[in-house]
Amino acid sequence: MSYEARIIATGFTFPETPRWHAARQAFYFVDIDEGELHELKDHTARKLFTVDDFVSGMSFDDNDGFFVVSGFKRKVLHLTGVLDGAGKSTEFVDLSDRFAAGMNDMTRGFHGELYVGGFNFNAMERFKDPTLPLLPGTFVRVWPDGRVEDIAAQVTFPNGIVIPPSGDRVLMADTFEQRISSWSMDTDGTLGEQTVWAEFGDELPDGICLDAEGALWIASNNHVIRVREGGEITDEIVLDEGHVTACALGGADGRTLLITAAASIDRTVLHASRTGVIYEARVDIPGAGRPSLYK
């Protein structure tokens, strides 16, 4: 099936990492290159805070704060007071000893743990010149007490991360490996071996979100696709222009698919003007699990 998307907000550079917060009935997202955290409520965007770095992954804490990835400084920051205009940033954990170049996406699990992926090569140059070599990436888990656990992973450019409502696995998009990887998870949090959930020949999976039937919506190239385990594509939303960066399911009934998109992944193009946009589409199957649904 093919759904239609419409633009509901404009004026961003590289919007990414959309999340729905059910209690506040609002979406939240970041503008990576501008270091900004935004709220989107009733189709109106509001800038909440600016970090002095590229800011990528974002998750909610258990109160009114946010955890965000400070990408090139390779830290996770804890933002508090941003909803009422008294925002403050404190360092939650420094991961510069784990990531040589930068950190990317992040998702918070049901026990307060953070799953963080990142890269160990110059991603900005690689986006401009796809002939440049790649290096293995890094995937870690950070516990609420700040303990850092390395996850055994064969990854290159970790991107979107989801956890189903059962909490029995972790799924992650790897853009340059063109696949979705899966790790089983026991009740005590022990992760199993990495397996392939789906792999693609022409897609570059970026941000992802899960629906109630266990399928993933995947942002890739100029569209978002709904994919079942094994790689079957059931639905597609094609955008007229630009590069789709991420997606999230939310809204009052969980069936609003928010899609972030930028003009390009080439920063020389991006920084010429703020052409990043937010799209909205209505789909049939509601969202499930993290990071789509936070209560």
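Owing to the predicted nature of the structure, the values given are computational and were not obtained by experimental measurement.

Draft legend 1. A look at the sheet that holds strand E1 (residues 5-12). Spatial ordering of the open sheet is given by E1-E24-E23-E22, a layout of four strands whose pairing is antiparallel. Across the chains shown, the open sheet's two edge strands, defined by having one partner strand only, are E1 and strand E22 (243-250). When strand polarity is set aside, the average angle formed by the axes of neighbouring strands in this sheet is 20°. As paired elements, strand E23 (residues 256-262) and strand E24 (residues 276-282) share six bridges and run antiparallel to each other. Residue pairing in the sheet places Thr256 in a bridge with Arg282 of E24.

Draft legend 2. Representation of the packing of aromatic side chains in the model. Here the structure, examined in full by the defined rule, presents 16 aromatic pairs. Measuring from ring centre to ring centre gives 6.2 Å for Phe121 and Phe176, while their planes differ by 55°; the resulting arrangement is tilted. Taken together, the residues Phe121 in the loop between strand E11 (114-119) and helix H1 (123-128) and Phe176 in the loop between strand E15 (169-174) and strand E16 (179-185) connect sequence positions 55 residues apart. Here the two residues Phe121 and Phe176 agree in accessibility, since each one is buried. A connected cluster of aromatic rings, assembled from ring pairs, spans Phe119, Phe121, Phe127, Phe157 and Phe176.

Draft legend 3. Quick look at the layout of surface pockets. Volume-wise, the largest pocket comes out at about 420 Å³. Lining the largest pocket are 24 residues, and of these Phe14, Phe127, Phe157, Asn159 and Arg267 sit closest to its centre. Those elements giving two or more residues to the lining of the largest pocket turn out to be strand E10 (102-108) and H1. Top contributing element to the lining of the largest pocket by residue count: H1, with four residues. For the lining of the largest pocket, the residue count by class is 14 nonpolar, six polar and four charged.

About the criteria used
Residues numbered from 1 in each chain as written. Predicted model: local features only at pLDDT ≥ 70, side-chain atom pairs only at ≥ 80, totals over all residues. Heavy atoms only, no water. Pairing = 2+ DSSP bridges. Helix = DSSP H or I, 4+ residues; strand = E, 2+ residues; numbered from the N terminus. Axes fitted to C-alpha atoms, helices over the stretch in contact; angles between N-to-C directions. Phe/Tyr/Trp six-rings, centres within 6.5 Å; stacked < 30°, edge-to-face > 60°. Buried < 20%, exposed > 50% of the residue type's maximum accessible area, 1.4 Å probe, protein only. 1 Å grid on protein atoms, 1.4 Å probe; cavity = no way out; pocket = protein on both sides within 12 Å on 5 of 7 lines; lining within 4 Å. Points joined across faces, edges and corners; volume = space filled by probe spheres on them. Nonpolar A, V, L, I, M, F, W, Y, C, P; charged D, E, K, R; others polar.

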